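Analysis of the macromolecular model
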Amino acid sequence: MDETQITVTLSGLNCASCVGRAERALLSMGDVQSAEVNLAASTARIVGSPDLRAAQIDKVLRDAGYPAVSVTQTFQVDGMRCASCASRVERGIEGVPGVIEARANLAASNVQVDWLEGMTSAQRIAEAGTRAGYGTAPVEDGGSAVGDKRRDERLWLRRDTIIAAVLTLPIFLIEMGGHFIPGMQSLVADTIGRQTSWVLQFFLTTMVLLGPGRRFLKNGIPALLRGAPEMNALVAIGTLSAWSFSAVATFAPGLLPAQSVAVYFEAAAVIVTLILLGRWIEARAKGQTGAAIRKLIDLQPQSARVMRDGRHEDVPISEVAVGDRLLIRPGERIPVDGDVIEGRSFVDESMLTGEAAPVDKTTGGAVTGGTVNGAGSLTIVANAVGEGTVLAEIVRMVRDAQGAKLPIQRLVDRVVRWFVPAVLGVAGLAVGVWLLFGPDPALGFALVAGVSVLIVACPCAMGLATPVSVMVGTGRAAEMGILFRKGDALQALENVATVAFDKTGTLTEGRPEVTEVVGHGGLAESEILALAAALERSSEHPVGAAVVRAAEGRGLAISAVEKFESRTGLGISGRVEGCDVLVGSARMMQGDGVDTAPLSDAVQRMAESGQTAFFVASGGQLAGVIGVADPIKPGSAPMLAALKSRGIRPVMVTGDARATAESIGRRLGIEDIVADVLPDGKLAALRDLGSGVAFVGDGINDAPALAAADVGIAIGSGTDIAIEAADVVLMSGNPAGILTAIDLSRATMRNIRQNLFWAFAYNTALIPVAAGVLWPFAGVLLSPMLAAGAMALSSVFVLTNALRLRRAGTARPDRPASSHSPTHARPA
């Protein structure tokens, strides 16, 4: 039996047991004969049947907890014109061994490919796309060449449309003018004559087809010969049929029945002209759909003022290195990410967070490339440049989200796979029926019906319906400080029925302050605070930082700590001046045999007032309790009220004691509270909440919950965001961003459904009309020219409808949605 050998790189391998689990997972696949995992090289050598697919390997290893290392890259695709083209590109690339998935984006004219590292290369993938009939090349320069190519394409389309219109106008006037202009037919007959008129139309139409219309023949005929017809093939068949029939009628009329001798040159020429016009308008509209990314790219200055050899000089941005000192003058855009080392100013970070209010920056503060300096002067040291900046990461995330394929698109893909062959079948059937049962001239009616079906059914609108809305919707979101890291989150967020919130840093400011210290056993408040600060200085927890700030504010001496240990979800311990000290929860104290009962009343009182209480023990004895309060963000309560008005249930999931959590919940209006949970407990809490759950956290401590939720939303400010675990990132700390994200999701999905309805309804309605079903009842047969106009109009409608999302506004917490159903949203 034939077999194939595959070697993949794995992540997460730590020990021999990991190796065993990974091997067993691979061997559980029916197509795998043997699997050998190498711990030292972190690779797996797999032998299996030729049917073994990279997507299967990737899923099995990911489920086992040892995901294969994969590569994601975007490729520019030329000649992709309709949904069937996109589907063909995907199938061609997914046939390359090692490719996990290919996602073609018709609106962006590109394909995003995931493949297992080491199994294939960008060159092989590009070759596969090209073999499928569409020139494919990797995008490696940030997209500037792609943008230039699209501008060139718009210029070519504009030129070709004008040329085609100039050549077509005389044909249209000569042939169709007789139907609308009295005396036109007799004027032509009495001057140049009918035959000369037909010969003139032949030459003009031939020039249209071989000049501006050559792109349809160049791409359509090879696709037809490969047995993979698409939009260009339909146009090529339709126009060549009309042109060939007319040429025979002009130069060899004896080959046709006498009653069928007529020309349809105007149909072929007008079809090409109208489709080119539609493509030109479509290309201009596509350019607007990518405006968000272009705006982001344009935010980075092309030069920076860098300190070199004791003086400042302007250098290209590409020459700035990490560690360089840069001078930022008033009103300038900051070129790179950095830390302020001198000066003070207010910086406009609206491009990053969507918040209009400038942010005060002084020594020690962080600044982000692309933001705008105010009236002050700043000196910064660069800590990230080029592709490592936050702006570059934002551009990557927006581009990835715009290239994502939503689940709803899979319905379109299934339909498109058989759509074009079905259209060819309907066109052939229409021709046959007209030849058998049509009135004289039956051949002429059959030609008109067949060409009209081919032209009107081009599936351009179907392919554009979803990606253009995703591009505009995610781009608009980015302008408002909301980044969809994963495109499918745009669809999943629409159906969210429950939003679970972490408390600290999400609903509250995330900067707690010590509010009360209660001693026990004779220790003074200052001694208790100093002991706690000694341990907390080694901790990264926000509560620990509050204790250190409080101790430093009182001028207390903070001792060194030995044997520091952090106990996840419980507290910390260490040795201070020879004495064992514990700082943490009641559960931690009880586990170490410390009796917390003497301070239970104080803890209860703190909890009822919304403070978080934690104990301090020294030498195995209870020393005291410290109360810390975290102020609620001003926008939290209005945001929660607005969520309820949209029919969405808010839930608080926190590690705080229940009394503290309930106190905060009462102030915020949250009835459903899951309190006193460890980080792992948040996962169980999310499972208990059912389906359609979004989790909102600070993106750092809440990474497991963010990854496990149906939609993970990381909320933070600027660079203080762990984006890897989240599906959606809110760049500002404003809770209202959650409302904006939900409303944009709903508006985008509604827009997609409108586009899909139009695309499918248009074809469903017009294909039968083009075939001639109305002729027996109303004597109506769709003209090929009207079919071409309708086809072009359908794509323009879809693009124009998607562009309405650019006007989608910011959610207003004080203006709740009118409907309580989670499936409704404000108009785009």
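As annotated in an unreviewed UniProt entry, the protein carries the name Copper-transporting P-type ATPase and comes from Palleronia abyssalis. In the Sequence similarities (unreviewed entry) part of its UniProt record, the protein is described as follows: "Belongs to the cation transport ATPase (P-type) (TC 3.A.3) family. Type IB subfamily." As its UniProt record puts it under Subcellular location (unreviewed entry), the protein is described as follows: "Cell membrane".

Attention now goes to the overall build of the protein. Along the protein, the regular secondary structure elements total 28 helices and 29 strands. Counting across all 828 residues of the protein, residues that qualify as buried make up 52%. Sequence-distant contacts in the protein: of pairs separated by 6 or more residues, those separated by 24 or more amount to 69%. A total accessible area of about 34700 Å² is found for the protein, and carbon and sulfur atoms account for 56% of it.

This part is about the UniProt feature "transmembrane region" (unreviewed entry) in the protein. Following the UniProt record, the feature "transmembrane region" (unreviewed entry) maps to residues 161–180, 192–212, 233–255, 261–281, 415–437, 443–466, 756–775 and 781–803 here. Here residues 192–212 is 81% helix and 0% strand, with 27 Å between the C-alpha atoms at its ends.

Before going further, it helps to spend a moment on the sheet that holds strand β6 (residues 110–116). Taken in spatial order, the 4 strands make up an open sheet running β5-β6-β4-β7, and their pairing is antiparallel. This sheet does not close on itself; its edge strands, each paired only once, are β5 (99–105) and β7 (136–138). Adjacent strand axes in the sheet meet at a mean angle of 25 degrees, parallel and antiparallel pairs treated alike. Note: strand β4 (residues 70–77) against β7, 3 bridges, orientation antiparallel. If you follow Phe-75 over to β7, its bridge partner there is Pro-138. Along the sheet face, helix α3 (residues 83–94) touches β4, β5 and β6 and points at about 160 degrees away from the line of β5.

Moving on, we get to the sheet that holds strand β2 (residues 32–38). Taken in spatial order, the 3 strands make up an open sheet running β1-β3-β2, and their pairing is antiparallel. A single partner strand is all that each edge strand has here, and the edge strands are β1 (4–9) and β2. Strand after strand, the sheet turns through a mean of 15 degrees between neighbouring axes, direction not considered. Where β2 meets strand β3 (residues 43–48), 6 bridges bridge the pair, whose relative direction is antiparallel. Across the sheet, Asn-38 pairs through a bridge with Thr-43, a residue of β3.

Next up on the list: the side chain of Lys-361. One can find Lys-361 in strand β13 (residues 359–361). A polar atom in the side chain of Lys-361 sits 2.7 Å from the backbone oxygen of Ala-366. Apart from residues lying up to four places away in sequence, Lys-361 is in contact with Val-340, Gly-343, Arg-344, Ser-345, Val-347, Glu-349, Ala-366, Val-367 and Leu-378.

Applying the stated rule across the entire model yields 10 aromatic pairs. Their ring planes at 85 degrees and their centres at 4.9 Å tell us that Phe-202 and Phe-251 sit as a pair that is edge-to-face. Pair noted here: Phe-202 is in helix α7 (residues 194–210) and Phe-251 is in helix α9 (residues 231–251), with a separation of 49 residues, a long-range link. Between the aromatic rings of Trp-758 and Phe-797, the centroid separation amounts to 4.6 Å while the plane-to-plane angle is 35 degrees, which identifies the pairing as tilted. Note that Trp-758 is positioned in helix α26 (residues 736–771) and Phe-797 in helix α28 (residues 784–803), a separation of 39 residues in sequence. Following the ring pairs from residue to residue traces out a cluster consisting of Phe-202, Phe-203, Trp-243, Phe-251 and Phe-265.

Its location among the elements puts Ile-171 in helix α5 (residues 144–180). Separated by 95 residues in the primary sequence, Ile-171 and Glu-266 place their C-alpha atoms 5.7 Å from one another.

With that out of the way, let us pick up the nonpolar core. If you look at the biggest cluster of nonpolar residues, it comprises 145 residues, and the most contacted ones within it are Val-111, Val-113, Ile-275, Phe-484, Phe-501 and Leu-643. Broken down by element, the residue count for this core peaks at 15 residues, all from α26. Built from parts of two domains, this core gets at least three residues from each of domain 3 (389–480 + 742–810) and domain 4 (481–508 + 633–741). Contacts of Leu-643, omitting those with residues within four sequence positions, involve Val-499, Phe-501, Ile-648, Leu-739 and Ile-742. Within the second largest apolar cluster, 26 residues are counted, among which are Val-398, Val-653, Ala-709 and Ala-714.

To continue, consider the packing of helix α8 (residues 214–225) against α9. Viewed as axis vectors pointing N to C, α8 and α9 meet at an angle of 105 degrees, and their least axial separation amounts to 7 Å. With respect to their mutual orientation, α8 and α9 come out roughly perpendicular. Two secondary-structure elements touch here, α8 through Arg-215, Phe-216, Leu-217, Asn-219, Gly-220, Ile-221 and Leu-224 and α9 through Asn-232, Ala-233, Val-235, Ala-236, Ile-237 and Leu-240. Class assignment for the residues of the contact of α8 with α9 results in 9 nonpolar, 3 polar and 1 charged.

On to a nonpolar patch on the surface. A contiguous nonpolar surface patch, about 480 Å² in accessible area, is contributed by Leu-429, Val-433, Leu-436 and Phe-437. On the secondary structure map, Leu-436 appears in helix α14 (residues 407–437).

Bringing unusual backbone geometry into the picture now. A cis amide bond links Asp-440 to the next residue, Pro-441, at an omega of -5 degrees. Inspection of the secondary structure puts Pro-441 in the loop between α14 and α15 (442–456). Phi at Glu-577 is positive, roughly 50 degrees, even though this residue is not glycine. Mapped onto the fold, Glu-577 is located in the loop between β21 (571–576) and β22 (579–584). Even without being a glycine, Asp-676 presents a positive backbone phi close to 60 degrees. Residue Asp-676 is classed as partly exposed on the basis of its relative accessible area, which comes to 45%.

Reading the values: rules and limits
- Residues numbered from 1 in each chain as written.
- Predicted model: local features only at pLDDT ≥ 70, side-chain atom pairs only at ≥ 80, totals over all residues.
- Heavy atoms only, no water.
- UniProt positions renumbered as here; feature names shortened; annotations may be inferred.
- Helix = DSSP H or I, 4+ residues; strand = E, 2+ residues; numbered from the N terminus.
- Buried < 20%, exposed > 50% of the residue type's maximum accessible area, 1.4 Å probe, protein only.
- Contact = heavy atoms within 4.5 Å.
- Areas by Shrake-Rupley, 256 points an atom, 1.4 Å probe, with all protein chains shown as cover.
- Pairing = 2+ DSSP bridges.
- Axes fitted to C-alpha atoms, helices over the stretch in contact; angles between N-to-C directions.
- Polar contact = N/O pair within 3.5 Å; in protein donor to acceptor, adjacent residues only side chain to side chain.
- Phe/Tyr/Trp six-rings, centres within 6.5 Å; stacked < 30°, edge-to-face > 60°.
- Core = buried A, V, L, I, M, F, W, Y, C linked by side-chain atoms within 4.5 Å.
- Domains from an automatic or database assignment.
- Parallel < 35°, antiparallel > 145°, perpendicular 65-115°, else oblique.
- Nonpolar A, V, L, I, M, F, W, Y, C, P; charged D, E, K, R; others polar.
- Patch = residues over 30% accessible without salt bridge, like charges linked within 9 Å, V, L, I, M, F, W, Y side chains within 5 Å.
- Salt bridge = Lys/Arg side-chain N within 4 Å of Asp/Glu carboxyl O.

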